[in-house]
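# Structure assessment
Letter by letter, the chains look like this.
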Amino acid sequence: MGNFLTRTLFGAIFVIVLIAGIVIHPFAFFAVFMGITLLASFEFYKLIQKNNCVPQITTGLIGAALLFTSCFAYTHFNNSALFALFVPLLVLIPIIEMYRKKENPFGNIAYTFMGLLYVALPFSLLNFMVFPFGDNEFHWEILMGIFVLIWANDTGAYLVGVNFGKHRLFERISPKKSWEGSIGGAVITLAIAYLISLYSKELTTVQWIISGAIVVVFGSMGDLVESLLKRSVNIKDSGNLIPGHGGLLDRFDAILLVSPMIFVFLQFINEFFR
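Residues numbered from 1 in each chain as written. Predicted model: local features only at pLDDT ≥ 70, side-chain atom pairs only at ≥ 80, totals over all residues. Heavy atoms only, no water.

Here we come to the pattern of salt bridges. For the structure on display, the rule yields four salt bridges. Put simply, lysine 230 and aspartate 250 hold a salt bridge, and the shortest N to O gap is 2.9 Å. Of this pair, lysine 230 sits in helix α9 (residues 205-232) while aspartate 250 sits in helix α10 (residues 248-251); the two residues are 20 residues apart in sequence, bridging distant segments of the chain. Accessibility expressed as a relative area gives 11% for lysine 230, which makes it buried. (Salt bridge = Lys/Arg side-chain N within 4 Å of Asp/Glu carboxyl O. Helix = DSSP H or I, 4+ residues; strand = E, 2+ residues; numbered from the N terminus. Buried < 20%, exposed > 50% of the residue type's maximum accessible area, 1.4 Å probe, protein only.)

A few words on the packing of helix α7 (residues 140-164) against helix α8 (residues 179-199). Between α7 and α8, the shortest axis-to-axis distance is 7 Å and the interhelical angle comes to 145°. Read as a crossing pair, α7 and α8 show a hand that is right-handed. When α7 is examined against α8, the residues Gly145, Val148, Leu149, Ala152, Asn153, Gly156, Ala157, Val160, Gly161 and Phe164 are found in contact with a partner set consisting of Glu180, Gly181, Ser182, Gly184, Gly185, Ala186, Ile188, Thr189, Ile192, Ala193 and Ile196. Per-class residue counts for the contact of α7 with α8 are 11 nonpolar, nine polar and one charged. (Axes fitted to C-alpha atoms, helices over the stretch in contact; angles between N-to-C directions. Left-handed = near helix turned anticlockwise from the far one by under 90°. Contact = heavy atoms within 4.5 Å. Nonpolar A, V, L, I, M, F, W, Y, C, P; charged D, E, K, R; others polar.)

Inspection of the entire model under this criterion finds 21 aromatic pairs. Aromatic side chains phenylalanine 29 and phenylalanine 33 sit 5.0 Å apart centroid to centroid with 35° between the ring planes, which places their arrangement in the tilted category. Within this pair, phenylalanine 29 and its partner phenylalanine 33 are both found in helix α2 (residues 26-49), separated by four residues, close to a single helical turn. You'll find phenylalanine 29 and phenylalanine 33 in the same group, each marked buried. (Phe/Tyr/Trp six-rings, centres within 6.5 Å; stacked < 30°, edge-to-face > 60°.)

By secondary structure assignment, the location of glutamate 226 is in helix α9. A distance of 3.5 Å separates the side chain of glutamate 226 from the backbone nitrogen of aspartate 250, its partner in a polar contact. When sequence neighbours within four positions are dropped, the list of residues in contact with glutamate 226 reads Tyr118, Ser238, Leu249, Asp250 and Asp253. (Polar contact = N/O pair within 3.5 Å; in protein donor to acceptor, adjacent residues only side chain to side chain.)

A separate point is unusual backbone geometry. In this structure, asparagine 104 takes a positive phi of about 55° despite not being glycine. Relative to the assigned elements, asparagine 104 resides in the loop between α4 (83-100) and α5 (105-124). At asparagine 234, a position not held by glycine, the phi torsion is positive, near 60°. Looking at the secondary structure, you find asparagine 234 in the loop between α9 and α10. On the basis of relative accessible area, asparagine 234 is assigned to the exposed category, the value being 73%.

Right, let's get into α8. Quick reminder: α-helices carry 3.6 residues per turn. Residues three or four places apart thus point the same way. The end-to-end C-alpha distance of α8, which contains 21 residues, comes to 31 Å, matching closely the 30 Å that a straight helix rising 1.5 Å per residue would cover. Along α8, the residues classified as buried are Gly181, Ser182, Gly184, Gly185, Ala186, Thr189, Ala193, Ile196 and Ser197. (Expected span 1.5 Å × (residues − 1).)

The first and last C-alpha atoms of helix α3 (residues 57-77) sit 29 Å apart over 21 residues, in line with the 30 Å expected at 1.5 Å per residue. Downstream of α3 by a residue or two, asparagine 78 has a phi angle that is positive, lying close to 55°.

Within the secondary structure layout, tryptophan 151 lies in helix α7. By relative accessible area, tryptophan 151 is classed as partly exposed at 27%. Residues tryptophan 151 and glycine 115 lie 36 residues apart in sequence; the distance between their C-alpha atoms is 24 Å. Excluding anything up to four places from it in sequence, tryptophan 151 contacts Val15, Leu18, Ile19 and Met144.

Attention shifts here to the environment of isoleucine 62. Residue position: isoleucine 62 is located in helix α3. According to the relative accessible area criterion, isoleucine 62 is partly exposed, its value standing at 43%. Taking the C-alpha atoms as reference points, isoleucine 62 and leucine 38, separated by 24 residues in sequence, lie 8.7 Å from one another.

This is the structure:
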């Protein structure tokens, strides 16, 4: 009971902070998701250290902060100047490694880049969901809708899988996930996408349903990829930042692959349907 109460309390706090960061104001979004980006990047680099590598944590965190801030400045203020600082930092990563005198230098370089690609970039692209149409207007409904779809997919897959799951989806990586759960999660997610479209006119009904399909496919893949990462370093949870819920990578595994694909989809909409 104590663990259930802890999990419920901290889960509620996590959701409240997340929703507040999305809906209140652009600068609330910046503060909350910049913090999440840095903490999740740090968590990733600490995990990788268990794999006998020594990534450049400080450089990676500076790069993550620059990337997120650059995307925010570009989408909110039409200012791309900060990208001019981010690009040289990428060049500096292999140069810095020459002076660190660590073992496996190219492994360290690769994992430093991987933290930017796998963690910082997806969170940075969330800026293009709250400023999706190039009009500097804060459209929080799209990002909120995407998170609701991710939660619907996770919850639906869990409930259906627990009660009806028999055929393993990807047993080598995640023994508990089933095809039945995945199908159940997909049906529920697409139904929720339709319901969202009745209230949010930021996207059309078809576009919301396509967004739901993207969440179903790439959200599930994001979960499996993060499970693969944890298995590669022999751990159960990516961290313990949220008591009862593990680490930030555990909570945001789906968005790490969903975000880039939604970004591409929104660019397609802007190009051909607006």
